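A look at the structure
Chain by chain, the residues run as shown.
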Amino acid sequence: TLPSPNMIPLSVSPSGSELLVVEGQGAPPRGPLWSLPILGGSPRRLADLEAETGAWSPDGTQLAYTNLSDLFLAKADGSASHKLVSVKGDIKNVTWSPDGSHLRFDTTESAGNLGQQLEWEVSASGADLHRLLAGWHNPPNECCGKWTPDGKYFVFQSNQQIWALPPAGLVHPNSKPISLTSSPMVLSSPLPSKDGKRLFVIGQTYRGQ
């Protein structure tokens, strides 16, 4: 049981022993970050951080978190926080590459009467901020990506289905997304299993009367 009804889980520690939670209200909720032991115990406030979303690094030593259009990096306990990058639009769904060298995240931006969802990548040092899949869809609607555990594929949602982006290489320097699903349901929020052999997704069917 979470200590507060306003605590929302964001991420799990690499060891699987702690939850990263935000205590806040709104959509998305924004407020203090806490570490909550899964097997019981008191939550621990992570310094004075205020965030909307966040994730611990694969080695458990760093914490990436977001507040509106800013992406921050801190030690795992919330200390030594510093701003990594700022972008246009609100940042969502920050995730680490399996080797801890890069971060990817979404932004939600308004363009006229249309909302756009963009995928970005930046190194853990704050260098080489760039768009992923620029020009692939117009308007762009890529969201909620996660790496497979081996780091070979980046799975994400777009056009209400699930896609995978293979790594770029010498043979295919500009890799293109591969369609993984073609379902009558709206599929979203892909999450690779720990062994990398399966994907968990949310499927929805809308009905009206």
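Structural notes, computed from the coordinates. For clarity, every value in this text was computed on a predicted model and none was experimentally measured.

**Observations concerning the layout of surface pockets**
Of the volumes computed, that of the largest pocket is approximately 1,200 Å³. For the lining of the largest pocket, the secondary-structure elements that each account for two or more residues are β1 (7-12), β2 (18-23), β5 (53-56), β9 (90-96), β13 (143-147) and β17 (186-192). Per-element tally for the lining of the largest pocket: the top contributor is β9, with 6 residues. A breakdown of the residues in the lining of the largest pocket according to their chemical character gives 23 nonpolar, 12 polar and 4 charged. When its volume is computed, the second largest pocket comes out at roughly 340 Å³. Lining the second largest pocket are 20 residues, with Leu-132, Leu-133, Leu-165, Pro-166 and Ser-175 positioned closest to its centre. Among the residues making up the lining of the second largest pocket, the classes are represented as 13 nonpolar, 4 polar and 3 charged.

**Things to note about the side chain of Asp-106**
The topology assignment puts Asp-106 in strand β10 (residues 102-111). Here Asp-106 occupies a buried position and makes no salt bridge, while the nearest side chain of opposite charge, Lys-146, is found at 8.6 Å. For Asp-106, the side chain forms a polar contact with the main-chain nitrogen of Cys-144, separated by 2.8 Å. Setting aside anything within four residues of it in sequence, one finds Asp-106 in contact with Asp-90, Ile-91, Lys-92, Asn-93, Leu-118, Glu-119, Cys-143, Cys-144 and Gly-145.

**Points about the state of the cysteines**
Scanning the model with the defined rule gives 1 disulfide in all. The disulfide partner of Cys-143 is Cys-144, and the S-S distance across this bridge is 2.2 Å. The class of Cys-143 is buried, set by a relative accessible area of 5%. Cys-144 sits in the buried class, given a relative accessible area of 15%.

Scoring rules and cut-offs
- Residues numbered from 1 in each chain as written.
- Predicted model: local features only at pLDDT ≥ 70, side-chain atom pairs only at ≥ 80, totals over all residues.
- Heavy atoms only, no water.
- 1 Å grid on protein atoms, 1.4 Å probe; cavity = no way out; pocket = protein on both sides within 12 Å on 5 of 7 lines; lining within 4 Å.
- Points joined across faces, edges and corners; volume = space filled by probe spheres on them.
- Helix = DSSP H or I, 4+ residues; strand = E, 2+ residues; numbered from the N terminus.
- Nonpolar A, V, L, I, M, F, W, Y, C, P; charged D, E, K, R; others polar.
- Buried < 20%, exposed > 50% of the residue type's maximum accessible area, 1.4 Å probe, protein only.
- Lys, Arg positive; Asp, Glu negative; His and termini not counted.
- Salt bridge = Lys/Arg side-chain N within 4 Å of Asp/Glu carboxyl O.
- Polar contact = N/O pair within 3.5 Å; in protein donor to acceptor, adjacent residues only side chain to side chain.
- Contact = heavy atoms within 4.5 Å.
- Disulfide = S-S within 2.5 Å.

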